[in-house]
There are 2 protein chains.
Amino acid sequence: MSLDQDRLDEVLARVDAQLPDSLDRLMDLLRIPSISTDPAFAGDCNRAADWLVDELTAIGFEASKRPTPKHPMVVAHSEGTGPHLLFYGHYDVQPVDPLNLWDRDPFDPQLEDTPAGKVIRGRGSADDKGQLMTFVEACRAWKAVTGTLPGRLTIFFEGEEESGSPSLVPFMKENAEELKADIALICDTGMFGDTPAIVTQLRGLLGQEVILTGADKDLHSGSFGGIAINPIRVLADIIAGLHDENGRITLPGFYDGVPELSDEMRAQWQRLAFDSADFLGQVGLSVPAGETDRTPLEMIWSRPTCEVNGISGGYEGAGFKTVLPSKASAKISFRLVGTQDPNKIETAFQDYVRSRLPADVKVEFKDHSASPASQVEISNPAFEKARRALSDEWEIPAAYIGAGGSIPIAGYFQNILHTDPMLIGFGKDDDQIHSPNEKYDLESYHKGIRSWVRILSALT
Amino acid sequence: MSLDQDRLDEVLARVDAQLPDSLDRLMDLLRIPSISTDPAFAGDCNRAADWLVDELTAIGFEASKRPTPKHPMVVAHSEGTGPHLLFYGHYDVQPVDPLNLWDRDPFDPQLEDTPAGKVIRGRGSADDKGQLMTFVEACRAWKAVTGTLPGRLTIFFEGEEESGSPSLVPFMKENAEELKADIALICDTGMFGDTPAIVTQLRGLLGQEVILTGADKDLHSGSFGGIAINPIRVLADIIAGLHDENGRITLPGFYDGVPELSDEMRAQWQRLAFDSADFLGQVGLSVPAGETDRTPLEMIWSRPTCEVNGISGGYEGAGFKTVLPSKASAKISFRLVGTQDPNKIETAFQDYVRSRLPADVKVEFKDHSASPASQVEISNPAFEKARRALSDEWEIPAAYIGAGGSIPIAGYFQNILHTDPMLIGFGKDDDQIHSPNEKYDLESYHKGIRSWVRILSALT
């Protein structure tokens, strides 16, 4: 239920007073190396799920670990009246390599002082453990002050988000009645600079691994160089041919379903006064490198992309080895927008690769994910209530923005549960998620918890 | 001194009788993981050198380990009269990755029965420990039967051949008087199928590592994909542009100094009846993939090449990671022929790479080796003597052939020591040198030892 101003202030004061304890709990969770993509860490994923079940149970949720063929889901309910709110986060994290670029053990998190303020350093701090804990800690403070949890909540934590969410759709379908809600709160996005933001536009993702094989063993480049096909060269040709000289992707039909930005959205984005030099400058770059005829915000929010996320082949160790390798492989992903069809693009991509294979080269594909883009409807009045609550907390008017990343769950909430997804998160552009030295600002954590208190009060 | 036929037969019989012991000694040497390119194995390189000094001392050589800034040389002399013969081999070996493709521990060698006969399996068995031991064991048998070593010999073992031989030229220059000989025997090549061979034409090698850096850290491809430059894509463009559609290398001036094959050599090579389908079939390939207007033997012996020996960038582990990497790197090597100048080609290559770099991408080059091709003069009568000795042992007329690999030492013997190099070895095309499951035929080892006994008798 909504809180009156005094009660709200009391809960917010409780959040402030308990911040050190809230931080300790987050550190505990960050110490669990729940890397979902690597089977070696399956036990740790399970351990993170247990930890969450225990925490949620401790603050009064009816919480359980729910098995899947891979890593478990955590689902928790609170009794209550009013609108049914579903909250989503994921407890799994990205791999940590290259480990040598970390300044500390990624799973020995620490609060660090930086010129820009205190940060929580460690893998998963921003993506997504720190974010999901903002909601858990908001509920905890609410319960401590009011004696009850804030209304009718369902918490839904996934452990496979960083590995393509293979169990998510089957699980949602099997448990649709239990999960279906009036609104779904998803905490896996960021602010726009210092402006709190609700994301309404998300790119989809298609991930493909390509493995080429030439000779049936690695060869000596002296004995075989010049006569034997080199799969690294073939792979380089394939990658080089994916873009034309204007940065456009060459796959036939790739741009089918890519919409032009509406005048209204274009105007709104122009008001955001995005400075691409600043944005790129924070990572040591200066020049937008995408399609030559597009603005920087289009490049990252509303245009599809094709990236090579990894490449491997031959001798990669120290020094030199004159090998002519048998194999070469690349991990390639496409960010999708509008109504681009991931399945059609997968077919076009595989056809393209096969069309470029010379004699004696075989290809194997591995699918890693395929999800369309999503566009969130903001007609539900809950959006404006949440936007005002965010604005109150941050003392800056919150914005509706796009986001370049892919959060397939937003589309699933829409299509499977017919529940409007509302994407609110407190990450910053410099959080280095998916990279070495990931961090989450202490301010993101603290004001994130406070934001959820305000939003819960506004929505319940 | 030359042996009469009875004495020669006696030494050869001794080789046969002692083969099991000779094999045990080779196994001891193969068990030392003397990988020169990886600093982690420096102690093992040193241990291999000590082992050789001990063995050579035991059979009567004045042997010593000679320090260099990296891995030591082994030099040994025998007192004697007649022509001064220098024998060269290298005790270092290639790295072993990918380790998972080995059927056994690469440094736990074993004699294996195969349908084609017994083979010695292990890293370095063919390249080059097995080969250098053929000469040591020939000397041992000679000494055992005659009481003396075969004339005035210098043995010269290197420990850096697989890592670009950084100390070789300075060492040869400093010790030129000691090493200068009437002929240099180099045992690091192979047979031509079942035909014993003396190699007279060798390709040179230029090795270059290219490291590209875009952003100063790995980025999230959702947040930055489309606007940030991807160094893997830049690297793929660079590699793809190195060859034209006919397989010719595009660097300006690259073919300066590449000679056409003489009519005489072309005729001789035609007589070898090289079957490219057989040659490629042994490694699972079928079609020559080099310059479209060249014969297969030209592709591997007399034409220059450009190969990518390794490529690396972004996420290479299991599963998928939507990273937009900061770095991408490739190890690229050129096989050189005729009078191609490695330094000019290095400059042309680096200029080409720089000309293809977009804004915000930095490049670093690492040089790994640069040696011109070499062409051996066979006018010295020692060549025909050795060819006859080989023909006697193998009961097949020995051939003068080309070789695709690079053995820079042949050129150094010519240019620094003014000593004619004679390249004789007993490797087979299917030895899988530089690859997993390297082997050396027991026949190569046994008849190799016998061959040196005959050659030493012919040349001393």
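Predicted model, so just to flag it, every value in this text is computed and none were measured.

Undergrad: How should the domain arrangement of chain A be read in this particular structure?
TA: By a widely used convention, the size of an interface equals the accessible area lost when the partners come together. Residues and elements named next belong to chain A. Each domain of chain A was delimited in the assignment, giving domain 1 (5-201 + 373-459) and domain 2 (204-258 + 304-371). With centres defined by C-alpha atoms, the gap from domain 1 to domain 2 works out at 35 Å. In this assembly, domain 1 packs against domain 2 so that about 520 Å² is buried in total across both faces, 48% of it on carbon and sulfur atoms. Counting the surface domain 1 buries against domain 2, the share from its top three residues, Gly 164, Ala 373 and Ser 406, is 75%.

Undergrad: What am I meant to see in the relation of the copies chain B and chain A here?
TA: The two chain copies are connected by a rotation around an axis plus a translation along it. Between chain B and chain A, which share one sequence, the superposing operator has a rotation angle of 180 degrees and an axial displacement of 0.0 Å; the RMSD is 0.1 Å. In short, the pair behaves as if placed about a two-fold rotation axis. Comparing interface residues between copies, 100% of those in chain B also sit at the interface in chain A, which points to an isologous, same-surface contact.

Undergrad: Got a minute to help me understand the UniProt feature "domain: Peptidase M20 dimerisation" (unreviewed entry) in chain A in this structure?
TA: Feature annotation in UniProt places "domain: Peptidase M20 dimerisation" (unreviewed entry) on residues 210-360 of chain A, given in this structure's numbering. Overall, residues 210-360 of chain A shows 33% helix and 19% strand. The separation of its end C-alpha atoms is 16 Å.

Undergrad: Explanation requested: the sheet that holds strand S5 (residues 117-121) of chain A in the structure shown.
TA: Within a sheet, each strand pairs with its neighbour through backbone hydrogen bonds, oriented either parallel or antiparallel. Residues and elements named next belong to chain A. The 3 strands lie next to each other as S4-S5-S18, forming an open sheet whose pairing is antiparallel. Each edge of the open sheet is held by one strand with a lone partner, namely strand S4 (110-114) and strand S18 (439-441). Adjacent strand axes in the sheet meet at a mean angle of 35 degrees, parallel and antiparallel pairs treated alike. On top of the sheet, helix H15 (residues 442-459) reaches S4, S5 and S18; it is set at about 55 degrees to S18, its chief contact.

Undergrad: Could you clarify how one ought to interpret the interface of chain B and chain A in this entry?
TA: Taken together, the contact pairs 86 residues of chain B with 86 residues of chain A. Where Lys 321 of chain A meets Asp 97 of chain B, a salt bridge forms, and the shortest distance between an N and an O atom there is 3.7 Å. For the pair chain B and chain A, the number of links is 50 residue pairs in polar contact (both at pLDDT 80 or more). Looking at the side of chain B that touches chain A, the element that brings in the most residues is strand S11 (residues 305-314) of chain B, giving 10 residues. Of the residues contributing to the side of chain B that touches chain A, the split by class is 36 nonpolar, 34 polar and 16 charged. By the bridge criterion, 5 bridges tie strand S11 (residues 305-314) of chain A to S11 of chain B in an arrangement that is antiparallel. What sits directly across from Ile 311 of chain A, in S11 of chain B, is Gly 313 of chain B.

Undergrad: Explain unusual backbone geometry to me, please; I cannot follow it from the model alone.
TA: Trans peptide bonds make up the majority, and among non-glycine residues the majority have a negative phi. A cis amide bond links Asp 97 of chain A with the next residue in sequence, Pro 98 of chain A, at an omega value of 0 degrees. Following the sequence through the fold, Pro 98 of chain A ends up in the loop between strand S3 (84-90) and S4. Each neighbour pair has its own omega, and for Asp 127 of chain B with Asp 128 of chain B the value is 10 degrees, a cis peptide bond. With respect to the secondary-structure elements, Asp 128 of chain B resides in the loop between strand S5 (117-121) and helix H4 (129-146). With a phi close to 60 degrees, Gln 432 of chain B is a non-glycine residue in the positive phi region. Mapped onto the elements of the fold, Gln 432 of chain B is located in the loop between strand S17 (420-424) and strand S18 (439-441). In this structure, Asn 437 of chain B takes a positive phi of about 65 degrees despite not being glycine. Along the polypeptide, Asn 437 of chain B turns up in the loop between S17 and S18.

Undergrad: How should the pattern of salt bridges be read in this particular structure?
TA: Pairing between side chains becomes possible if they bear opposite charge and their charged atoms approach one another. Taken as a whole and judged by the stated rule, the model has 63 salt bridges over all chains. Ionic pairing is found between Arg 294 of chain B and Glu 298 of chain B, a salt bridge with its closest N-O pair at 3.2 Å. Residue classification places Arg 294 of chain B among the buried residues on the basis of a relative accessible area of 16%. In this structure Glu 298 of chain B comes out as buried when scored by relative accessible area, which is 4%. Linked by salt bridges that have partners in common, Arg 248, Glu 260, Arg 266, Glu 291, Asp 293, Arg 294, Glu 298 and Arg 303 of chain A make up one network.

Undergrad: Which parts of the structure should I look at to understand the packing of helix H2 (residues 19-30) of chain A against helix H4 (residues 129-146) of chain A?
TA: The relative placement of two packed helices is expressed as an angle between their axes plus a distance between the axes. Residue and element names in this part refer to chain A. Between H2 and H4, the shortest axis-to-axis distance is 10 Å and the interhelical angle comes to 140 degrees. In terms of their interaxial angle, H2 and H4 are classed as oblique. Our pair here, H2 against H4, has a crossing hand that is right-handed. Mapping the contact onto sequence places Ser 22, Arg 25, Leu 26, Leu 29 and Leu 30 in H2 and Lys 129, Gly 130, Leu 132, Met 133, Glu 137 and Arg 140 in H4. When its residues are assigned to classes, the contact of H2 with H4 shows 5 nonpolar, 2 polar and 4 charged.

Undergrad: Can you walk me through the side chain of His 220 of chain A in this structure?
TA: With respect to the secondary-structure elements, His 220 of chain A resides in strand S10 (residues 219-220). Not counting residues up to four positions away in its chain, the partners in contact with His 220 of chain A are Gly 225 and Thr 322 of chain A together with Arg 335, Ile 433 and His 434 of chain B.

Undergrad: Would you mind going over the packing of helix H1 (residues 5-17) of chain A against H4 of chain A with me for this structure?
TA: Residue and element names in this part refer to chain A. Here H1 crosses H4 at 125 degrees, and the two axes come no closer than 9 Å. Considering the angle they form, H1 stands oblique to H4. For the crossing formed where H1 meets H4, the hand is right-handed. Across from Arg 7, Glu 10, Val 11, Arg 14 and Val 15 in H1, the residues of H4 making contact are Ala 141, Trp 142, Ala 144, Val 145 and Thr 146. Classifying every residue of the contact of H1 with H4 gives 6 nonpolar, 1 polar and 3 charged.

Undergrad: What should I look at first to understand the sheet that holds strand S4 (residues 110-114) of chain B in this one?
TA: All names here are of chain B. Taken in spatial order, the 3 strands of this open sheet run S4-S5-S18, and their pairing is antiparallel. Two strands bound the open sheet, and with one partner strand each, they are S4 and S18. Ignoring which end each strand starts from, the neighbouring axes of this sheet average 35 degrees apart. When S5 meets S18, the two strands line up antiparallel, connected through 3 bridges. Bridging from a neighbouring strand, Arg 121 pairs with Lys 439 of S18.

Undergrad: Explain the pairing of strand S9 (residues 204-213) of chain A here, please?
TA: In the case of a regular strand, side chains alternate between the two sheet surfaces. Residues and elements named next belong to chain A. Across the 10 residues of S9, 10 count as buried, placing the element largely inside the fold. Relative to strand S14 (residues 362-371), S9 runs antiparallel, the two sharing 9 bridges. When the sheet's bridge partners are listed, Leu 212 is paired in S14 with Val 363.

Undergrad: Hey, could you run me through the packing of aromatic side chains in this one?
TA: Two descriptors summarise a pair of aromatic rings, namely the distance from one centre to the other and the angle between the planes of the rings. Counting across every chain of the model gives 36 aromatic pairs over all chains. Ring centres of Phe 279 of chain A and Phe 224 of chain B lie 4.6 Å apart, and the angle between their planes is 20 degrees; this geometry places the pair in the stacked category. Placement of Phe 279 of chain A in helix H10 (residues 276-281) and of Phe 224 of chain B in helix H7 (residues 221-224) is noted, with the two residues assigned to different chains. Here Phe 279 of chain A falls in the buried class, since its relative accessible area comes to 8%. Classification of Phe 224 of chain B by relative accessible area gives buried; the value is 5%. Through a chain of ring-to-ring contacts, three or more aromatic side chains come together here, namely Phe 87, Phe 135, Phe 157, Trp 394, Phe 426 and Trp 452 of chain A. The side chain of Arg 248 of chain A reaches across the aromatic face of Tyr 255 of chain A, ending 4.0 Å from its centre. Directly above the aromatic system of Trp 394 of chain A lies the positively charged group of Lys 447 of chain A, at a separation of 5.3 Å from the ring centroid.

Undergrad: Looking at this structure, how should I read helix H3 (residues 42-58) of chain B?
TA: Working note: α-helix, 3.6 residues per turn, so residues spaced by three or four point in the same direction. Residue and element names in this part refer to chain B. With 17 residues, H3 should cover 24 Å at 1.5 Å per step; its first-to-last C-alpha distance of 25 Å lies within 8% of that length. Those residues of H3 not exposed but buried are Asp 44, Cys 45, Ala 48, Ala 49, Trp 51, Leu 52, Val 53, Glu 55 and Leu 56. Packing partners of the buried residues in H3 comprise helix H2 (19-30), strand S1 (62-66), strand S2 (73-77), H4 and strand S6 (153-158).

Undergrad: When you look at H4 of chain B in this model, what are you seeing that I'm missing?
TA: Residue and element names in this part refer to chain B. Given a rise of 1.5 Å per residue, 18 residues ought to cover 26 Å, and the 26 Å separating the end C-alpha atoms of H4 matches this to within 8%. For H4, the tally of buried residues reaches 16 of 18 residues, placing the bulk of the element in the interior. Positive backbone phi, at 90 degrees, marks Gly 147, one or two positions downstream of H4.

Undergrad: What should I look at first to understand the pairing of S1 of chain B in this one?
TA: As defined by bridge partners, S1 of chain B adjoins S2 of chain B across 5 bridges and the pair is classed as antiparallel. When the bridges of S2 of chain B are listed, Lys 65 of chain B appears paired with Val 74 of chain B.

The rules behind these values
Residues numbered from 1 in each chain as written. Chains lettered and ligands numbered in written order. Predicted model: local features only at pLDDT ≥ 70, side-chain atom pairs only at ≥ 80, totals over all residues. Heavy atoms only, no water. Domains from an automatic or database assignment. Buried area = accessible area lost by both parts, 1.4 Å probe. Least-squares fit on C-alpha atoms with pLDDT ≥ 70 in both. Contact = heavy atoms within 4.5 Å. UniProt positions renumbered as here; feature names shortened; annotations may be inferred. Helix = DSSP H or I, 4+ residues; strand = E, 2+ residues; numbered from the N terminus. Pairing = 2+ DSSP bridges. Axes fitted to C-alpha atoms, helices over the stretch in contact; angles between N-to-C directions. Salt bridge = Lys/Arg side-chain N within 4 Å of Asp/Glu carboxyl O. Polar contact = N/O pair within 3.5 Å; in protein donor to acceptor, adjacent residues only side chain to side chain. Nonpolar A, V, L, I, M, F, W, Y, C, P; charged D, E, K, R; others polar. Buried < 20%, exposed > 50% of the residue type's maximum accessible area, 1.4 Å probe, protein only. Parallel < 35°, antiparallel > 145°, perpendicular 65-115°, else oblique. Left-handed = near helix turned anticlockwise from the far one by under 90°. Phe/Tyr/Trp six-rings, centres within 6.5 Å; stacked < 30°, edge-to-face > 60°. Lys NZ or Arg CZ within 6 Å of the ring centre and 35° of its normal. Expected span 1.5 Å × (residues − 1).

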